[in-house]
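Fold and contact review
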Amino acid sequence: MSAGPGISAAAAEPVNHARRVIVAWLVLSVIATPLVAVFLGPAIPPGNGSDEASQQVFDNQVMTAVITPILCLLVVFFAYALTRFRAQAGEAALDGPPLRNEPRVQALWVAATGLIVLGLAGFGTFELLETGAGGGQGPSPIAEPGGTKKKLEVQVIAQQWQFTYRYPSLGGLESAQLVLPAHTDVALHVTSLDAVHSFWAYELGVKADANPGVDNVAYVETKGPRVFHVRCAELCGLWHGYMFNNGLVVDAADFSRWAASERKNFAPVAKYMPAYSHTYLPEPQRRAG
Amino acid sequence: MRSVTGKLALAVAGVVAAGVLIGFYVSKLTTQAGSPTYTVPVKTGGAHPVVDLTIQTVAAVGPALSPNPDWVSFLVRDASGKWRRETVWRLPAHATVHVTIYNFDGASGLRNPFLARPQGVDGNRIVVDGKPLAVLPPDEASHTFAVPQLGLIVPVAPVPDDARNQCGYAPCSLSMAHRTETFTFHTGKPGHYRWQCFVPCAAGWITGFGGPMQTIGYMDGFLDVV
């Protein structure tokens, strides 16, 4: 069909939709990606309460930065398609041209998505193997941060519905509150006396399942003094939602004072405590059987 | 066909209605959970009120007080001296609470011996039959009264297996075999603090922690501190 009278030759030229979409995508990505990386990424939890938490924040920063251009492409594509190709009122509904094979686009798509997915998988695996990322690694951890460097061992004991904490290096004392010294490598040995729980020290970036008869080890390197929240992250019965308390990271002197005070409080029950072990299987009670 | 404004109004109304329903459900669930609230009478008023809380623990709550007569339970004594199977207790904030527990049940034993050490009570001591104790042998614990959010843990001493005149069903009379335990704690700021028993004392349930251990009105409840 030729251009009618009064219509310029330029207006009659076919519109290159793909070029428009790509330009809009590039512009949006160039603006959005640095903003996401600099402002949104660091704001994603869990914060910077420990080395592991900071590592998780960095991981989130990298991943959000990588997915931002992908999200921008989807937004631009849909926005453009919905506005440019929207049917007008009263317009007859016509089928579009048939889809045809475009090998170059397909190859580009497969290569780009493959690279992104494999790249993120490699990045995630590297990060995971470096320190364990604060996750429970079972009884034989493979990602021990700091190698064989001596760590403060703390046992997390879950039961319906409270966590308690045992310190073998402090004479096996047990406490109802988790208190950790600042700037210290800690090995958390998580276990349960009854049902399956999950120990989640939110701001420290630590999460490890608590299974009866299993020693689930997670590592954390504390930073400066702070309060953090401990929650159960596995539905474990009536008071699961109330299975929380606050933990503390304190400086070395305060930790020594706290330990001395707790030892005094613990003394009357010390003689009844079982020897420190990575797991406990309490004997059946008289009634429970 | 509705206008865009009409559709929007309908959507907003739907969201608000859903929010109200969810809010109502959650607030009921997290405050009373269907269990009636017993307001503990204030003995001495003022900025630091004093209250007396008298409770009993029984191995079987009996048909008069529950459709589950063989369930283990806590009961609370009201001002008229009547025993009620209500475990949501309203207490004043910043109050001193003198608690007396009459236990008519035998020993089950604690899964974690650490909880045999009284904590969060005055002097970290309980008084059992007139004798102050800093710890109860963990295997002898019959129940615990514990409020984790307040750091309160109190093991309850058992009636010996060979005691005479043991109580079969609640409410139990003080002429029957029992232990008397007293302690004092402080409520602090207002809030809903859940309490529970840590002894796996629910006979016949898996790991001793089903049934009455997971039902408000028996071995669990709230301190509704106002």
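Residues numbered from 1 in each chain as written. Chains lettered and ligands numbered in written order. Predicted model: local features only at pLDDT ≥ 70, side-chain atom pairs only at ≥ 80, totals over all residues. Heavy atoms only, no water.

Notes on the overall build of chain A
Looking only at helices and strands, chain A features 5 helices and 10 strands. Overall, the C-alpha framework of chain A stretches about 105 × 45 × 35 Å when taken along its three principal axes. Put simply, 69% of the contacts in chain A that link residues at least 6 apart link residues at least 24 apart. Split by element, the accessible area of chain A, about 16,300 Å² in all, is 66% carbon and sulfur. Chain A carries 20 positive and 23 negative side-chain charges, and their two centres are separated by 4 Å. (Helix = DSSP H or I, 4+ residues; strand = E, 2+ residues; numbered from the N terminus. Contact = heavy atoms within 4.5 Å. Areas by Shrake-Rupley, 256 points an atom, 1.4 Å probe, with all protein chains shown as cover. Lys, Arg positive; Asp, Glu negative; His and termini not counted. Charge placed at Lys NZ, Arg CZ, Asp CG, Glu CD.)

Thoughts on the interface of chain A and chain B
In this complex, chain A contributes 29 residues to the contact, which on the side of chain B involves 46 residues. Buried surface at the junction of chain A and chain B, summed over both partners, amounts to about 3,000 Å²; 56% is from carbon and sulfur atoms. At the junction of chain A with chain B, the criterion picks out 0 salt bridges. Our count for the contact surface shared by chain A and chain B stands at 10 residue pairs in polar contact (both at pLDDT 80 or more). Counting only elements with at least two residues in the side of chain A that touches chain B, the list comes to strand 1 (152-159), strand 2 (162-167), strand 3 (173-175) and helix 5 (252-270) of chain A. The dominant element in the side of chain A that touches chain B, judged by the number of residues it contributes, is helix 5 of chain A, at 4 residues. In the side of chain A that touches chain B, the residues fall into 17 nonpolar, 8 polar and 4 charged. (Buried area = accessible area lost by both parts, 1.4 Å probe. Salt bridge = Lys/Arg side-chain N within 4 Å of Asp/Glu carboxyl O. Polar contact = N/O pair within 3.5 Å; in protein donor to acceptor, adjacent residues only side chain to side chain. Nonpolar A, V, L, I, M, F, W, Y, C, P; charged D, E, K, R; others polar.)

Remarks on the pattern of salt bridges
Opposite charge on two side chains allows them to pair when their charged atoms are near. Taken as a whole, this structure holds 9 salt bridges over all chains when the rule is applied. Between Asp254 of chain A and Arg257 of chain A there is a salt bridge, and its shortest N-O distance comes to 2.5 Å. With Asp254 of chain A and Arg257 of chain A both in helix 5, this residue pair falls 3 residues apart, about one helical turn. What you see here is one network of salt bridges that share partners, running through Asp78, Arg84 and Glu86 of chain B.

Re the domain arrangement of chain B
Frequently, the measure chosen for interface size is the accessible area that the parts lose on association. Examined at the domain level, chain B breaks down into domain 1 (1-31) and domain 2 (38-225). Once you take the C-alpha centre of each, domain 1 of chain B and domain 2 of chain B turn out to be 41 Å apart. (Domains from an automatic or database assignment.)

Here we look at the state of the cysteines
Taken as a whole and assessed by the stated rule, the structure comprises 1 disulfide over all chains. Of the cysteine sulfurs around Cys236 of chain A, a residue in no disulfide, the closest is that of Cys232 of chain A, at 3.8 Å. (Disulfide = S-S within 2.5 Å.)

Some thoughts on the domain arrangement of chain A
Residue and element names in this part refer to chain A. Entries for chain A in the domain assignment read domain 1 (16-84 + 113-134) and domain 2 (152-270). Here the C-alpha centroids of domain 1 and domain 2 sit 34 Å apart. The interface of domain 1 with domain 2 comprises 12 residues on the first partner and 13 residues on the second. In total, about 970 Å² of surface goes out of reach between domain 1 and domain 2, with carbon and sulfur atoms giving 42% of it. In terms of surface lost to domain 2, no three residues of domain 1 exceed Gly49, Asp51 and Gly134, which account for 44% of the buried area on that side.

Remarks on the packing of aromatic side chains
Counted according to the given criterion, the structure contains 23 aromatic pairs over all chains. With 5.6 Å between their ring centres and 80 degrees between their planes, Phe163 of chain A and Phe199 of chain A make a pair best called edge-to-face. Pair noted here: Phe163 of chain A is in strand 2 and Phe199 of chain A is in strand 6 (residues 197-201), with a separation of 36 residues, a long-range link. Classification of Phe163 of chain A as buried rests on a relative accessible area of 3%. The class of Phe199 of chain A is buried, set by a relative accessible area of 0%. A ring pair is formed by Tyr167 of chain A and Phe255 of chain A, whose centres lie 6.3 Å apart and whose planes are at 55 degrees; its orientation type is tilted. One end of the pair, Tyr167 of chain A, is in strand 2; the other, Phe255 of chain A, is in helix 5, with 88 residues separating them in the sequence. The pair formed by Tyr167 of chain A and Phe255 of chain A is uniform in burial state, with each residue classed as buried. Here the aromatic residues Phe74, Trp89, Phe145, Phe183, Phe185 and Trp195 of chain B are joined through ring pairs into a cluster of three or more. The ring centre of Phe244 of chain A lies 4.9 Å from the NZ or CZ of Arg231 of chain A, which sits over that ring. The ring of Tyr218 of chain B carries Arg85 of chain B above its face, with NZ or CZ at 4.3 Å from the centroid. (Phe/Tyr/Trp six-rings, centres within 6.5 Å; stacked < 30°, edge-to-face > 60°. Buried < 20%, exposed > 50% of the residue type's maximum accessible area, 1.4 Å probe, protein only. Lys NZ or Arg CZ within 6 Å of the ring centre and 35° of its normal.)

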